[in-house]
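What follows is the residue order along each chain.
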Amino acid sequence: MNLSLGAGRWWLWSALCVLLLLLLGALVFLARAYEESRLARELEQVAVDMVTEIRSDLSHNVQALQRLQAPRPDDAAWQRGATALLLSNREILRIEWRSPELKIRLAQASPFLPFLFDHMPRSQVQPDVKQACANALRFAGPAYSTSYFLPLQEGRGQELLEMCLPLPDDGGFLVMTYGLTDLLGELQAREAYRSFSVALTESDGTRLAIAGHAARDRNTVEAVHLLELPGSAYTLRVDQARELKGLRPKALSSTLTLLAMALVGMLALLSYDVRKRLQTEARLGEALAFRKAMEDSLLTGLRARDMKGRITYVNPAFCQLVGLPPEALIGTSDPAPYWPSDRVEEYLQRQTSRQAGQPLPRQGFESEYLRSDGTRLPVLIVEAPLINGIGKQTGWMSAVLDLSAQRKIEEQSRTSQERLAATARLAMAGEMASLISHELNQPLAAISSYANGSLNLLQDPDQDSADLRQELEEAMRRIATQAGRAGKVIKSVSDLVRRRERERSAVAPQLLFDGIAPLVQLQARKVGIEVQWDIAPGCPPVWCDSTMVEQVLLNLVRNGLQAMPAGDPPPASGLRTLQLRAAPAPAQAGSGRQWVSFSVTDHGSGLSDEVAQRLFTPFFTTKREGMGLGLSLCRTVVEQHGGALGYSRHAPRGTRFSFTLPAAL
């Protein structure tokens, strides 16, 4: 009985011990799995840091290479700079300065490996250099080639990588040759990475270069991260030996103690993990709430579509734009319910080209939506691919901007410009009316004088009939001549006003001068000023509204004539001249368009500094009869044509006003 009871207790204790051992084994397994997971995460972070540092080192080398080239050095300075760069960066094996045709102009090899290309000349790797430089031109920045193997002495060799940097100044290239092994060696030389084995591999696992000597077995932890470079991509693999210590209980008491400690530790870890998980979930919820609040507050419409064109997401601003609720939009495909029926084919073609992989315009494109109430809405759509966490495109994200307010502003601006043009026409008409009023007095006074003389002749009883007839005929001819002169003055103004509504066209400078010549000559003869017309040979026609430009010339001519009153300058000086000139203007930097310059030069007393500062201010004038709008309206007309109006002092005295108009080529 007692033996049976003891045996039962023994089996009970054995079962308890086995259970405790099993629990302990489970705890050890879980602890080991947790430690391996932690090591894997830490090693993954190390791999990410290594990739980041490699990219940073390559970027710093590109910046050093750019500093070497700017300012443009001579050959000796370039060789010295390249040698200094090679001495401070062992991973760089060669630097070349190549022409736009990829011919080597200057080259400098690393002093650590001066005979690197003795067994295989550089001409054999020309395709790799061409590939890198072609990508560099496409990217407008540095680009890298795929790696290639370079044989060395005694059956050894090294994987090399070419980097090409385009030079915008002379169209050439800077080519830098990297050794992948040296690149990893420089990385592992840092204290933080000495305990790791680092390898660069291709996408299929082929090892290209390795640094470190950690053996790869089941006691090794590894992490892999993608190293993407412009024009090529590699895989960075980091290995590290496990440093886990086994658990060896010596007795049942130590096992129970360890079990208790392990249970407490696991509970603590579990509590910590749960708390971290809750905190992470809380932060994630806050981030989602923040993102939703931000998207809901945007005035820009957001729309996401999958690869088949189905709408997967819209924000409230987009729903407000098209006047439809989210449930009426999400899940719909082409044609969308907000597309105008007359533009469905156009939109379907654009969607087909997008799905075919054609690049999207970065500046976006303008389109038109149909609201639920039937009104049309002009919009600007900017689209970008939607990329998931593994780098795969899952659709497109579109930002939709309402252009109706912009269109309204543009319409208001156009209306304002039309009103300004109308105001300019009225002001110019007033200025011209004031100009020709003096000229009409002379022919009208002559007509009146000849008419009164004829009446006096008819009333003279002693006048011989033959002489009377001859004198009356002469008076009538003179009256007709003066009437014709007055009619020509009025007709020139009438033609000038009627031509205001014409659109812009190609007009020769000679036609512009001929259009104002009658009015200018009349006013100039009255004050004793000679008008000189000068058109440079080969001067092209200009693209303009001829009437508006003639108004500008008339206003500038009138100002020039008024700047030279009778006696100032005196006639004997030979300076009582007014010059009108048209000539091709110098080409503007960065513009391929040709311009024509017009100038009006007088020999008056010039402008004071105070008047010059307010010269183009509306309603500012130094004349009693002036309105103060002439120069301001002239500048407005010239700027509407795309040109510029300015002035300068003229030697020995006087002022030159000049403006530019686009050539009609």
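Just so it is clear, the model here is predicted, and its values are computed rather than measured.

J.: Go over the overall build of the chain, please, and point to the residues and values.
T.: When helices and strands are counted, the chain shows 13 helices and 22 strands. Burial statistics for the chain: of 665 residues in total, 38% are counted as buried. Residue pairs at least 24 apart in sequence account for 60% of intrachain contacts in the chain once pairs closer than 6 positions are excluded. As displayed, the chain offers around 37800 Å² of accessible surface, 57% of which is attributable to carbon and sulfur atoms.

J.: Tell me about unusual backbone geometry, residues and numbers included.
T.: Backbone torsion omega between Ala 651 and Pro 652 reads 5°, so that peptide bond is classified as cis. The phi dihedral of Leu 102 falls on the positive side, at around 65°, and the residue is not glycine. With respect to the helices and strands, the residue Leu 102 is situated in the loop between strand S1 (92–98) and strand S2 (104–109). Despite not being glycine, Ala 140 has its phi angle at roughly 55°, a positive value. Within the secondary structure, Ala 140 sits in the loop between helix H3 (126–139) and strand S3 (143–144). The exposed category is assigned to Ala 140, whose relative accessible area is 70%.

J.: Help me get a handle on the confidence of the model for the chain, residues and values and all.
T.: Chain-level pLDDT for the chain is 78 on average; 80% of the residues reach the 70-or-more range. In the model of the chain, helix H9 (residues 465–498) stands out as the element of lowest mean pLDDT, 69, in contrast to strand S20 (residues 595–601), which has the highest, 94. Contacts for the low-pLDDT stretch residues 1–10, under 50 throughout, to residues beyond four places or in other chains number 0 contacts. Overall, residues 244–253 carries pLDDT values under 50, and its contacts beyond four positions in sequence, including any with other chains, amount to 9 contacts.

J.: Explain the packing of aromatic side chains residue by residue, including any values.
T.: In the structure shown here, the tally under the stated rule is 9 aromatic pairs. With a centroid separation of 6.2 Å and 75° between ring planes, the pair formed by Phe 318 and Tyr 369 is classed as edge-to-face. Here the residue Phe 318 occupies a position in helix H6 (residues 316–322), and Tyr 369 occupies one in strand S13 (residues 365–370), the gap between them amounting to 51 residues. Note on Phe 318: relative accessible area 0%, which makes it buried. Note on Phe 598 and Phe 659: the rings are 5.4 Å apart at their centroids and 10° apart in plane angle, and the pair reads as stacked. With Phe 598 in strand S20 and Phe 659 in strand S22 (residues 655–662), this pair connects stretches of sequence that are 61 residues apart. With respect to burial, Phe 598 and Phe 659 carry one shared label: buried.

J.: Which residues make up the nonpolar core, and what values do they have?
T.: With 45 residues, the main nonpolar core has Met 50, Leu 65, Ile 95 and Leu 236 as its most contacted residues. In contact with Leu 65, not counting residues within four places along its chain, are Leu 85, Ile 95, Met 163, Leu 165, Leu 174 and Met 176. By size, the runner-up hydrophobic cluster in this structure holds 38 residues, among which are Phe 513, Ala 524, Val 600 and Leu 631.

J.: Describe the packing of helix H10 (residues 509–527) against helix H11 (residues 546–562), listing the residues and the values that go with them.
T.: Running from N to C, H10 and H11 cross one another at 30°; their axes reach a closest spacing of 10 Å. Of the possible angle classes, the one that applies to H10 and H11 is roughly parallel. Note on packing geometry: the crossing formed by H10 with H11 is right-handed. When H10 is examined against H11, the residues Leu 511, Leu 512, Phe 513, Gly 515, Ile 516, Leu 519, Val 520, Gln 523 and Ala 524 are found in contact with a partner set consisting of Ser 546, Val 549, Glu 550, Leu 553, Leu 554, Val 557 and Leu 561. For the contact of H10 with H11, a count of residues per class yields 12 nonpolar, 3 polar and 1 charged.

J.: Pulling in residues and values, what's your account of the state of the cysteines?
T.: Taken as a whole, this structure holds 1 disulfide when the rule is applied. Paired by a disulfide, Cys 133 and Cys 164 hold their sulfur atoms 2.2 Å apart. Because the torsion about its S-S bond is 95°, the bridge between Cys 133 and Cys 164 counts as right-handed. Here Cys 164 lies in strand S5 (residues 157–166) and Cys 133 lies in helix H3, a separation of 31 residues in the sequence.

J.: So, the sheet that holds strand S15 (residues 393–402): which residues are in play, and what are the values?
T.: Spatially, S12-S11-S15-S14-S13 is the arrangement adopted by the 5 strands of the open sheet, whose pairing is antiparallel. Only two strands of the sheet have a single partner each, and these edge strands are strand S12 (311–314) and S13. Between one strand axis and the next, the sheet turns through 35° on average, direction left out of account. Relative to strand S14 (residues 376–387), S13 runs antiparallel, the two being bridged by 6 bridges.

J.: Quick rundown of H11? Include the residues and the values.
T.: Compared with an ideal rise of 1.5 Å per residue, which puts 17 residues at 24 Å, H11 spans 24 Å between its outermost C-alpha atoms and is within 8% of the ideal. Among the 17 residues in H11, 16 count as buried, and that is most of the element.

J.: Which residues make up the sheet that holds strand S21 (residues 645–649), and what values do they have?
T.: Adjacent strands of a sheet pair through backbone hydrogen bonds, lying either parallel or antiparallel. Strand order in the open sheet formed by 5 strands is S17-S19-S20-S22-S21, and the pairing between neighbours is mixed. The open sheet has two edge strands with one neighbour each: strand S17 (530–535) and S21. Going across the sheet, the axis of each strand differs from the next one's by a mean of 20°, ignoring polarity. Summarising the sheet, S20 and S22 pair through 7 bridges and their orientation is antiparallel. Note on S22: the bridge partner recorded for Val 596 is Leu 661. This element, helix H13 (residues 630–640), spans S21 and S22 of the sheet and lies at about 125° to S21.

J.: Can you lay out helix H7 (residues 344–355) for me, pointing to particular residues and giving the numbers?
T.: When the terminal C-alpha atoms of H7 are compared, their 16 Å separation across 12 residues agrees well with the 16 Å that a helix rising 1.5 Å per residue should span. On its buried face, H7 sits against strand S11 (301–306), S13, S14 and S15. Looking at the residues trailing H7, positive phi occurs at Gly 357, about 95°.

J.: So what's going on with the pattern of salt bridges? Which residues, and what values?
T.: Overall, the coordinates contain 14 salt bridges when judged by the stated rule. A salt bridge links Glu 368 to Arg 343, with the nearest nitrogen and oxygen atoms 3.4 Å apart. Here the residue Glu 368 occupies a position in strand S13, and Arg 343 occupies one in the loop between H6 and H7, the gap between them amounting to 25 residues. For Arg 343, a relative accessible area of 21% translates into the label partly exposed. What emerges from the salt-bridge pattern is a single network uniting Asp 342, Arg 343, Glu 346, Glu 368 and Arg 376.

J.: With reference to specific residues and values, describe a nonpolar patch on the surface.
T.: Among the surface-exposed residues, Leu 87, Phe 112 and Leu 113 lie close enough to one another that they form a single nonpolar patch of about 250 Å² accessible area. Tracing the sequence through the fold places Leu 87 in helix H2 (residues 75–88).

J.: An account of the packing of H11 against H13 is needed here, citing residue identities and associated values.
T.: As a packed pair, H11 and H13 sit with axes 10 Å apart at the nearest point and diverge in direction by 145°. Relative to H13, H11 is oriented so that their crossing is left-handed. In this structure, H11 contributes Met 548, Val 552, Asn 555, Leu 556 and Asn 559 to the contact, and H13 contributes Gly 630, Leu 631, Cys 634, Val 637 and Val 638. Its residues placed into classes, the contact of H11 with H13 shows 7 nonpolar, 3 polar and no charged.

What counts as what
Residues numbered from 1 in each chain as written. Predicted model: local features only at pLDDT ≥ 70, side-chain atom pairs only at ≥ 80, totals over all residues. Heavy atoms only, no water. Helix = DSSP H or I, 4+ residues; strand = E, 2+ residues; numbered from the N terminus. Buried < 20%, exposed > 50% of the residue type's maximum accessible area, 1.4 Å probe, protein only. Contact = heavy atoms within 4.5 Å. Areas by Shrake-Rupley, 256 points an atom, 1.4 Å probe, with all protein chains shown as cover. pLDDT = per-residue confidence, 0-100. Phe/Tyr/Trp six-rings, centres within 6.5 Å; stacked < 30°, edge-to-face > 60°. Core = buried A, V, L, I, M, F, W, Y, C linked by side-chain atoms within 4.5 Å. Axes fitted to C-alpha atoms, helices over the stretch in contact; angles between N-to-C directions. Parallel < 35°, antiparallel > 145°, perpendicular 65-115°, else oblique. Left-handed = near helix turned anticlockwise from the far one by under 90°. Nonpolar A, V, L, I, M, F, W, Y, C, P; charged D, E, K, R; others polar. Disulfide = S-S within 2.5 Å. Pairing = 2+ DSSP bridges. Expected span 1.5 Å × (residues − 1). Salt bridge = Lys/Arg side-chain N within 4 Å of Asp/Glu carboxyl O. Patch = residues over 30% accessible without salt bridge, like charges linked within 9 Å, V, L, I, M, F, W, Y side chains within 5 Å.

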